[in-house]
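Working through the structure, step by step
Spelled out, the chains give:
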Amino acid sequence: MNVDLSDPLLYRDSDPGPVWSRLRAEHPVYRNRRANGEHFWAVLTHGLCTEMLTDPRVFSSRGGMRLDSDPQVLAAAADKMLNITDPPRHDKIRKVVSSAFTPRMVNRLETNMRATAARAIDEALADGECEFTRVAQKLPVSVICDMLGVAPADWDFMVERTRFAWSSTALDEADEARKTRAHTEILLHFQDLAEERRRAPRDDLMSALVCGEIDGAPLTDQEILYNCDALVSGGNETTRHATVGGLLALIDNPGQWHRLRDEPALMPSAIQEIVRYTSPVMHALRTATEDVELGGERISAGDHVVAWLPSANRDETVFDDPDRFDIEREPNRHLGFLQGNHYCIGSSLAKLELTVMFEELVKRVEVAELAGQVRRLRSNLLWGFDSLPVKLVPRA
C-alpha cells in the first residue's frame, strides 16, 4: 500500500477503518513515507503495539509522544514533562502527580462533575437542538480546573481558552496566532496559581506540584508548567471526543441506547466500549534507542515508531466483530489509555467523567437525534469531531 497515515485529511474526509484493516493484514509494521520525504514506522496490531509500548528501554518517549512536535519544545521539555520522560525519572514525576489524588479530592471532583454535567445537559435540553461538542467540552475542562485548583470563577475563561489552545483545525496564520495567544494565557494563569499555592497550599494538584520533590529537590517552574499543560491538553481533548463519539455511537445504535438507559449495571462495560470504539488519541510515538526487529521489520536506532491505537483497538484477532459497537463487550483489552509506564495517569478520572456524563444523559434524555452534518476533525492525532449537531428530547 501507498498511504500516508499522517495525512489529517484521511481522518476528516474518509473512513480509515478499511485502510487500518488492510495494513494489519499485509504490513502490521508499516514504513510510512510522508509528503516531505521523511518516514516513520506505523505499528497497527494490538500485540505489536503492546510490545513496543511496554518496552521503554528500546522505545523511548524522550523524543516526543506525537508526530509533528516542535523540536525546540521537545528539547526543553524532555525529562521535565511526564509524557516525554523515561524511567526512572518518569516514575518520580508520576509519583508527585499521583499524590494529589486523595480520597477527599476524588469525592469533591465527583460531586462537582455531576453538578456540571447535569447543568450542561439541562441547558442543551432547554435549547432543544445543540452543538454537542460544546456541551461535551464543559465537563472535562471543569474537572481539570477543579483538580488543579483553578477558582470556579475562572472556569469559563479556561473553557474558552482551551477551545483554541489545542484546536486541531488551524488553517491559516490568524488561527495559529489565536492558538498561541490562548495557550500563553493559560500558562500565565497557571504561573499565577503556582505562586499562590506556594504561599498557601491547598488540597489540589497545583499544591502537590509546587510542594513536591524529586531526589530532594523541588520541581522547577518549567516542570510545573509543562505538566499542567500536559494534564489540561490530555484531560480535555480525549474525554471530550470520547463523549461526543460515544453519543454518536448510541445514536447510530438505538438498541444500545435503550439497553443502557434501562439497565444501569451495563454502564461500566459501556464506558470501556466507548473508549475502545472512539479511540480519541490516534497515535503514540516512540523513538528506537537501538537497532531492533519488530513485526519482521528491521528498525534502526533513531527511527520513529508509532503505535496506531484505533487500529489496535479494532484488531480482529483480539476483538470479535471489532467494528460493532457493543456495550456488553467482554473482555475488552483496549489500548485507549495506552499500556506500560505511560498508561494514562488520569484513566480512572476519565472513566468517572464519562460515567457521570452518560448517567446524566440517560437519566434526562429520552432520545438523541442528529440535527445536522457530523464533521470530523482535520487531525492525525485526535480522532474526534468538529461538529455533532443533535436534538435532545427530554424524558417525561
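The paragraphs below set out a description of the structure included in this document. (Residues numbered from 1 in each chain as written. Predicted model: local features only at pLDDT ≥ 70, side-chain atom pairs only at ≥ 80, totals over all residues. Heavy atoms only, no water.)

Glancing now at the overall build of the protein. Within the protein, the secondary structure is distributed over 15 helices and 14 strands. In terms of C-alpha radius of gyration, the protein reaches 21 Å, essentially the compact-globule figure of 21 Å for 396 residues. On the protein, roughly 17100 Å² of surface is accessible, and the fraction owed to carbon and sulfur atoms is 49%. (Helix = DSSP H or I, 4+ residues; strand = E, 2+ residues; numbered from the N terminus. Rg over C-alpha atoms; globule rule 2.2 N^0.38 Å. Areas by Shrake-Rupley, 256 points an atom, 1.4 Å probe, with all protein chains shown as cover.)

Let us look at helix H5 (residues 89-98). Buried within H5 we find His90, Ile93, Arg94, Val96 and Val97. Here the buried residues of H5 occupy an arc of 160° about the axis, which is enough to place them on one side. At its buried positions, H5 is contacted by helix H10 (205-211), strand S5 (213-214) and helix H11 (221-252). (Buried < 20%, exposed > 50% of the residue type's maximum accessible area, 1.4 Å probe, protein only. Arc of directions from axis to C-beta. Contact = heavy atoms within 4.5 Å.)

Quick look at the nonpolar core now. Ranked by size, the top nonpolar core spans 79 residues in total, and within it Phe132, Phe190 and Leu205 carry the most contacts. The greatest single-element share of this core, amounting to 12 residues, is contributed by H11. Residues within four places of phenylalanine 190 in sequence aside, it is in contact with Leu148, Val150, Met158, Met206, Leu225, Cys228 and Val232. Leu74, Met81, Ala288 and Val305 belong to the second-largest nonpolar core, a separate cluster that totals 27 residues. (Core = buried A, V, L, I, M, F, W, Y, C linked by side-chain atoms within 4.5 Å.)

Here we come to the pattern of salt bridges. Tallied over the entire structure, the rule returns 32 salt bridges. Residue arginine 197 is joined to aspartate 204 by a salt bridge in which the shortest nitrogen-to-oxygen separation is 2.7 Å. Of the two residues, arginine 197 and aspartate 204, neither departs from the other in class, the shared state being buried. Here arginine 259 makes a salt bridge to glutamate 328, at a shortest N to O gap of 2.9 Å. Within this pair, whereas arginine 259 is found in helix H12 (residues 254-262), its partner glutamate 328 is found in the loop between helix H14 (309-312) and helix H15 (347-364), the two being separated by 69 residues in sequence. Residue arginine 259 is classed as partly exposed on the basis of its relative accessible area of 28%. Since its relative accessible area comes to 37%, glutamate 328 is described here as partly exposed. A single network of salt bridges, built from pairs that share partners, joins Glu110, Arg114, Asp122, Glu359, Glu360, Lys363 and Arg364. (Salt bridge = Lys/Arg side-chain N within 4 Å of Asp/Glu carboxyl O.)

Turning next to the environment of aspartate 291. The topology assignment puts aspartate 291 in the loop between strand S7 (283-288) and strand S8 (292-294). Here the alpha-carbon distance between aspartate 291 and glycine 128, two residues 163 residues apart in the chain, equals 57 Å. Not counting residues within four places of it along the chain, the set of residues in contact with aspartate 291 comprises Arg298, Ile299, Ser300 and Ala301. Within the structure, the side chain of aspartate 291 is placed 2.9 Å from the backbone nitrogen of alanine 301, a separation counted as a polar contact. (Polar contact = N/O pair within 3.5 Å; in protein donor to acceptor, adjacent residues only side chain to side chain.)

For the rest of this paragraph, the subject is the side chain of threonine 243. Counting through the fold element by element, threonine 243 comes out in helix H11. According to the relative accessible area criterion, threonine 243 is buried, its value standing at 3%. A polar contact is formed between the side chain of threonine 243 and the backbone oxygen of threonine 239, at a distance of 2.8 Å. Ignoring any residue separated from it by four or fewer positions in sequence, one finds threonine 243 in contact with Phe132, Ala136, Leu354, Met357 and Phe358.

With mixed pairing, 5 strands are arranged side by side in an open sheet as S1-S2-S10-S7-S3. Every other strand in the sheet has two partners, leaving strand S1 (29-33) and strand S3 (59-60) as the edge strands with one partner each. As paired strands, strand S2 (residues 39-43) and strand S10 (residues 304-308) are joined by 3 bridges and run parallel to one another. Bridge assignment links valine 43 to a residue of S10, and that residue is alanine 307. Running over the sheet, helix H3 (residues 46-53) touches S1, S2, S3, S7 and S10 and is turned about 130° from S10. (Pairing = 2+ DSSP bridges. Axes fitted to C-alpha atoms, helices over the stretch in contact; angles between N-to-C directions.)

Take the sheet that holds strand S4 (residues 129-131) next. The 3 strands lie next to each other as S4-S14-S11, forming an open sheet whose pairing is antiparallel. Each of the sheet's edge strands pairs with one partner strand only, and the pair in question is S4 and strand S11 (365-370). Ignoring which end each strand starts from, the neighbouring axes of this sheet average 35° apart. As judged from the 3 bridges shared by S4 and strand S14 (residues 389-394), these two strands associate in the antiparallel manner. Residue pairing in the sheet places glutamate 131 in a bridge with proline 389 of S14. Here helix H6 (residues 103-127) sits on the sheet in contact with S4, S11 and S14, set at roughly 95° to S14. Against the sheet, H11 touches S11 and S14, its axis set at about 95° to S11.

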